[in-house]
Amino acid sequence: MSPAKVSRLLNTMTTSSILNKSQAEYLYQLDKCRLIIKDRNYAAPIGLTAKRDVKNAAKGIDEWVQLDNGNAFILTNYKWINFDGLSTQLQLQFDTLICDEDILQSS
């Protein structure tokens, strides 16, 4: 699955806002976002399809963002790892952010 498709799916499947790196850096400069946790690693529960893997990842990202008291994230890396010779597991790396709500609603 392409990075653009993963990003689009996460955008529709998460309640947290997904930002790209350039958006986040711009919002940092405006003092509208703050980094909370950098380089969080998460292994999503295995789904039967790639789309289900992303759905499971979205749920986990939302849980971590909420636990971190954030409301947004930057997906910095992802990969599917061969799990048992038959299945693959989606592993993600992301940063958790807290941003002004009015900024997130307008982007």
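Because the structure is a prediction, the values reported are computed rather than measured. (Residues numbered from 1 in each chain as written. Predicted model: local features only at pLDDT ≥ 70, side-chain atom pairs only at ≥ 80, totals over all residues. Heavy atoms only, no water.)

Draft legend 1. Geometry of the side chain of Ser-16. Secondary-structure assignment places Ser-16 in the loop between α1 (3–13) and β1 (17–18). If we skip the residues at most four places from it in the chain, Ser-16 touches Asp-62, Val-65, Asn-71 and Phe-73. (Helix = DSSP H or I, 4+ residues; strand = E, 2+ residues; numbered from the N terminus. Contact = heavy atoms within 4.5 Å.)

Draft legend 2. Geometry of the sheet that holds strand β2 (residues 33–43). As summarised here, the arrangement of the 4 strands in space is β1-β3-β4-β2, forming an open sheet in which the pairing is mixed. Strands with a single pairing partner mark the edges of an open sheet, and in this sheet they are β1 and β2. Bridging between strand β3 (residues 72–82) and strand β4 (residues 88–99) involves 10 bridges; their strand directions are antiparallel. Paired with Asn-77 across the strands is Gln-93, a residue of β4. Here α1 sits on the sheet and contacts β1, β3 and β4; the angle it forms with β3, its principal contact strand, is near 125°. Seen against the sheet, helix α2 (residues 21–29) touches β1, β2, β3 and β4 and runs at an angle of roughly 150° to β2. (Pairing = 2+ DSSP bridges. Axes fitted to C-alpha atoms, helices over the stretch in contact; angles between N-to-C directions.)

Draft legend 3. View of the layout of surface pockets. Taken as a whole, the largest pocket spans an internal volume of roughly 270 Å³. Sorting elements by how many residues they give to the lining of the largest pocket places α1 first, with 3 residues. When grouped by side-chain class, the residues that make up the lining of the largest pocket number 5 nonpolar, 7 polar and no charged. (1 Å grid on protein atoms, 1.4 Å probe; cavity = no way out; pocket = protein on both sides within 12 Å on 5 of 7 lines; lining within 4 Å. Points joined across faces, edges and corners; volume = space filled by probe spheres on them. Nonpolar A, V, L, I, M, F, W, Y, C, P; charged D, E, K, R; others polar.)

Draft legend 4. Representation of a positive patch on the surface in the model. A cluster of basic residues, Lys-5, Arg-8, Lys-51, Arg-52, Lys-55 and Lys-59, forms a positive patch on the protein surface. Only α1 and α3 (50–67) provide two or more residues apiece to the positive patch. No other element matches α3, which puts 4 residues into the positive patch. When you line up the elements, Lys-59 lands in helix α3. According to the relative accessible area criterion, Lys-59 is exposed, its value standing at 56%. (Patch = residues over 30% accessible without salt bridge, like charges linked within 9 Å, V, L, I, M, F, W, Y side chains within 5 Å. Areas by Shrake-Rupley, 256 points an atom, 1.4 Å probe, with all protein chains shown as cover. Salt bridge = Lys/Arg side-chain N within 4 Å of Asp/Glu carboxyl O. Lys, Arg positive; Asp, Glu negative; His and termini not counted. Charge placed at Lys NZ, Arg CZ, Asp CG, Glu CD. Buried < 20%, exposed > 50% of the residue type's maximum accessible area, 1.4 Å probe, protein only.)

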